[in-house]
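# Report on the structure
Residue strings, one per chain:
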Amino acid sequence: MLPGFDFYLVAIPAVLLVGLSKGGMGEALSLMGVPILSMAVSPVQAAALLLPILIAMDIVSLWIWRKHGDKKTLTMLLPGAIAGIAIGWATSAYVPRDVLRLIIGLITVLFVLRYVYTVWRSRNGAPISPKKQRAGPAALWGSFAGYGSFVAHAGGPPFQIYALPLKLDPREYTGTIVRFFAVLNAVKLIPYFALGQLDISNLKTSATLFPLAMVATACGAWIVRRMKPQIFYPFMYSMAFIAGSRLVWDGLAGLMAGR
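Anyway, here's the lowdown on the structure attached to this text. The model shown is predicted, which means the values in this text are computed figures rather than measured ones. Throughout, a residue's number is its position along its own chain's written sequence, starting from 1. Two thresholds apply to this predicted model, a pLDDT of at least 70 for residue-level local features and 80 or more for giving and counting side-chain atom pairs, whereas whole-chain, interface and lining totals are computed over all residues. Processing note: side-chain calculations cover all non-hydrogen atoms of the structure and skip hydrogens and water entirely.

### Thoughts on the overall build of the chain
Stated formally: Comment: elements are numbered from the N terminus, with helices defined as DSSP H or I runs of at least four residues and strands as E runs of at least two. Note on method: radius of gyration uses C-alpha positions; expected globular size equals 2.2 Å times residues raised to 0.38. The contact definition used throughout considers only heavy atoms, calling two residues in contact when any of these lie within 4.5 Å. The positive count covers Lys and Arg only, the negative count covers Asp and Glu only, and His and the chain ends enter neither. Every charge is mapped to an atom, namely NZ of Lys, CZ of Arg, CG of Asp or CD of Glu.
The helix and strand inventory of the chain stands at 12 helices and zero strands. Reading the secondary structure of the chain in the N-to-C direction produces α-α-α-α-α-α-α-α-α-α-α-α. Expected size for 259 residues packed as a compact globule is a radius of gyration near 18 Å; at 18 Å, the chain falls within 12% of this value. With respect to the three principal axes, the spread of C-alpha positions in the chain is 60 × 40 × 30 Å. Looking at the chain alone, contacts between residues at least 24 apart form 85% of all its contacts between residues at least 6 apart. The average position of the 23 basic charges and that of the 9 acidic charges among the side chains of the chain differ by 10 Å.

### Quick word on helix α1 (residues 5-25)
So the rule is basically this: A helix is expected to span 1.5 Å for every residue after the first.
Here α1 spans 28 Å end to end across 21 residues, near enough to the 30 Å set by a 1.5 Å rise per residue. Once α1 finishes, Gly 26 follows within two positions and takes phi at roughly 105°, a positive value.

### Details of the packing of aromatic side chains
The condition that has to hold: Stacked, tilted and edge-to-face pairs are distinguished by plane angle, under 30 degrees for stacked and over 60 for edge-to-face with tilted covering the rest, among Phe, Tyr and Trp rings (Trp via its six-membered ring) whose centres lie within 6.5 Å. Only protein chains enter the accessibility calculation, which uses a 1.4 Å probe; a residue whose area is less than 20% of its type maximum is buried, one above 50% is exposed, and one in between is partly exposed. As a reminder, the over-ring test applies to NZ of lysine and CZ of arginine, requiring each to be within 6 Å of the ring centre and within 35 degrees of the ring normal.
One pass over the full model with this rule turns up 10 aromatic pairs. With a centroid separation of 5.1 Å and an interplanar angle of 85°, the aromatic rings of Phe 7 and Tyr 8 are classed as edge-to-face. For the pair Phe 7 and Tyr 8, one class covers both residues: buried. Through successive ring pairs, a cluster of aromatic residues spans Phe 159, Tyr 173, Phe 180, Phe 181, Phe 232 and Tyr 233. Sitting above the plane of the Trp 63 ring, Arg 66 keeps its charged end 3.8 Å from the centroid. Geometry around Tyr 233 places Lys 167 over its ring, the cationic atom sitting 5.4 Å from the centre.

### As for the nonpolar core
The line we're drawing: Put simply, a nonpolar core is a bunch of buried Ala, Val, Leu, Ile, Met, Phe, Trp, Tyr and Cys residues held in one set by side-chain atoms that sit within 4.5 Å of each other.
By size, the foremost hydrophobic cluster in this structure holds 51 residues, and its most contacted members are Phe 159, Tyr 173 and Phe 180. Elements that contribute at least two residues to this core include exactly α4 (43-64), α5 (71-91), α6 (97-122), α7 (135-152), α8 (156-163), α9 (170-194), α11 (210-225) and α12 (229-258). Tyr 173 has contacts with Phe 159, Gln 160, Ala 163, Leu 164, Leu 168, Phe 232, Tyr 233 and Met 236, leaving out every residue within four places of it along the chain.

Here it is, written out as C-alpha cells:
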C-alpha cells in the first residue's frame, strides 16, 4: 500500500526542493530533501526513496541541459568519484556518516569564506583569475564527491569546491554538474540494491512523486537559464555556504545524539 496523506505532506516539499536543486539552483536545496523526508520515514528509507526520484530528475535535467557541459571537468572528476562510491560501498558499515558530514561541511564553509576574502581583495586591486584544471585536486575532490554522495547524499559541496573556481559559463557549469551526478546516481543503484535499500514498495512510492519531481526540475532550470554570471556565482557560493553549514549542523547533532 502507498503511504497516507501525512507522508505526502512532508514528501512534496522535500521533492520540490530537490527538484529545484537538480534544475541547477544549488546543492543546498537538495541537502534539505533527506532531513525533511526523515520527518515521515527513517533516514535510510528517505535516502532510498529519493534515489529513484533523483534519477528521474537526472533524466529531465540531462534533456534540458543537453547542449551544455564541460567535458574536461567531467573527465577530470569522474574517475575519482566512481572510486569514491566504491570505497563508500566497502566501508559503509564502518565510517560514521555524521563524521563525514562534519568534515565536508567544515571544508565547504572554509572554502566559501576563502572566496569571500578573495572577493574582498579583488576590490582592492587583486583580480580573481579562473583556476586551471589540475589532476591532483580533481582526484581528491572527485573522490570526496563520490564518497559523500554514496554515504550521506553530500556530494555537491566537494564538486563545488573544485568546479566553482574554474569560473565556467553558468550554463556550462550547470550542464557539467547535471551530467556528473547523473552518472553517480546511476552507478549508485548497484550498491544500493546490493545493500537492500531499494525494494518494490519504496519504488512504487517514489514513482508517485515522479511528475512533481520533473516539474520542479524544469522550474529550477528555467530560473538558472535567466541568471547572469554576476548573479549566478554569488548565488552558488551562497548555496555552498548554506549546504556546508547544514552538513556541519547535521554532523554535530548526530554525534551529540550518539553520545
